[in-house]
Amino acid sequence: MRKLAIGTAVSGALALGVLAAPAAQAASPALTFAGVTVNKGKAIVVGTTAKVKVPVTYTLTRPADLTIDYKSNFAGVLIYRGSLKDQDNSIEPDAAPVCTTKATTSTTVTESCTETLVIDPWDSLYEAADAGTWKAAGFYGHLDQDLDDSDDEISLEYGYSMWGGLGTPKVQRAAKVTVNATPEPARAGKTLTVKGKLTRANWGSGTYTGYAGQKVTLQFKAKGTSTYKTLKTVTTGTGGALSTTTKATKSGAYRFVFAGTSTTAAKSAVGDYVEVK
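Now for a quick tour of the structure. Residues take numbers from 1 onward in each chain, read along the sequence in its written order. Residue-level local features of this predicted model are given only where pLDDT is at least 70; pairs of side-chain atoms are given and counted only at 80 or more, and the full residue set underlies all totals for whole chains, interfaces and linings. Each side-chain value is derived from all of the structure's non-hydrogen atoms; neither hydrogens nor water enter the calculation.

Okay, a negative patch on the surface next. A cluster of like negative charges, contributed by Asp146, Asp148, Asp149, Asp151, Asp152 and Glu153, occupies part of the molecular surface. Numbering goes from the N terminus for both helices and strands, where a helix is a DSSP run of H or I of at least four residues and a strand is a run of E of at least two. Of note, Asp146 is situated in strand β9 (residues 135-146). Burial status follows relative accessibility: with a 1.4 Å probe on protein chains alone, a residue under 20% of its type maximum counts as buried, one over 50% as exposed, and anything between as partly exposed. On the basis of relative accessible area, Asp146 is assigned to the partly exposed category, the value being 36%. Residues with no salt bridge and a relative accessible area higher than 30% make up the patches, which join like charges within 9 Å and nonpolar side chains (Val, Leu, Ile, Met, Phe, Trp, Tyr) within 5 Å. Areas reported as accessible are Shrake-Rupley estimates using a 1.4 Å probe. Residue values count occlusion only from the protein chains shown. Any carboxyl oxygen of Asp or Glu that lies within 4 Å of a side-chain nitrogen of Lys or Arg is treated as forming a salt bridge with it. His is not counted, nor are the chain ends; Lys and Arg add positive charge and Asp and Glu add negative charge. Positions of charges follow a simple convention, taking NZ of Lys, CZ of Arg, CG of Asp or CD of Glu.

See below:
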């Protein structure tokens, strides 16, 4: 499991091993996270190299007498896979959120907050199981420390709380689709062979690998028109290979279209134009 996002001070303390023994923990403050939206409600599509910035918005209600300074205490929203107490993977914000006060009472402050999760496929995702449905949770952490040992004493007091059930964002592998129609140019009424390949991001190897056994549609857009029409459905073979034939009737562009799955994003090939004589 990844370390929890309670700030570099706690991380440093953990690295030194000084938090190995249980420490006294104060009661968690009454925080409420509501209206959590990850990536504007859309699936998070991640390839093999580029970092993906994921916006997260939410409403945070905190006690009026609690100041969250992101130095000694921290709050935000993370996404995780697994159970709340036994996470298989988690992705936390690297920076403090930007929050604007919406309402106040004598006892509470309600803020509208925006933060960013940065997903690096090399650092954040490891295996096929990371593709699919994740969960969103709010967290709060604090650290009180006195590391001045001039009096032969140091102290660390820390605490961490999480609140789950805040959403089910989806993380998907990015896909690629290629297409090549031959011969070019073609004779009207003759057979065209259309080949291609469907691949998807493999976070374990950092490459795109073939996606076999998937339904892909062959589409055609006639010259002078703006709409593709479906000609047939083709199933990917070994290594994601695609191959089919069709009659050349008029000039236009051919493409393969993959509708996507729960773990892999939809993708369309760039059309391959064929002149028909």
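Moving on, we come to the nonpolar core. The nonpolar core is taken to be a set of buried Ala, Val, Leu, Ile, Met, Phe, Trp, Tyr and Cys residues, with the residues joined through side-chain atoms within 4.5 Å. Core analysis: the biggest nonpolar cluster contains 29 residues, and Val36, Val38, Ile44, Val46, Tyr58, Ile79 and Leu125 have the highest contact counts within it. Of all the secondary-structure elements, those providing two or more residues to this core are β1 (32-38), β2 (44-46), β3 (52-63), β4 (73-82), β7 (108-119) and β9. No other element matches the five residues that β3 contributes to this core. Beyond its immediate chain neighbours, meaning those up to four positions away, Val46 contacts Val52, Ile119, Pro121, Leu125, Val171, Gln172, Arg173, Ala174, Ala201 and Trp203. Membership of the second largest hydrophobic core comes to 22 residues, among which are Leu198, Phe220, Ala222 and Val234. Contact between two residues is taken to exist if any of their heavy atoms lie within 4.5 Å; hydrogens are not considered.

Our focus in this paragraph is the side chain of Thr59. Mapping Thr59 onto the fold places it in strand β3. Among the residues examined, Thr59 registers a relative accessible area of 19% and is labelled buried. Not counting the four nearest positions on each side in its chain, Thr59 is found in contact with Thr32, Phe33, Ala34, Lys102, Thr110 and Glu111.

In this section: the pattern of salt bridges. Using the criterion set out here, one finds four salt bridges in the structure. Note that Asp88 and Arg81 form a salt bridge whose closest N and O atoms lie 3.8 Å from each other. On the accessibility criterion, Arg81 (12% relative accessible area) is buried. Its salt-bridge partner being Glu127, residue Arg81 comes within 3.1 Å of it at the nearest N-O pair. Of the two residues, Arg81 sits in strand β4 while Glu127 sits in the loop between β7 and β8 (132-133), which places them 46 residues apart along the sequence.

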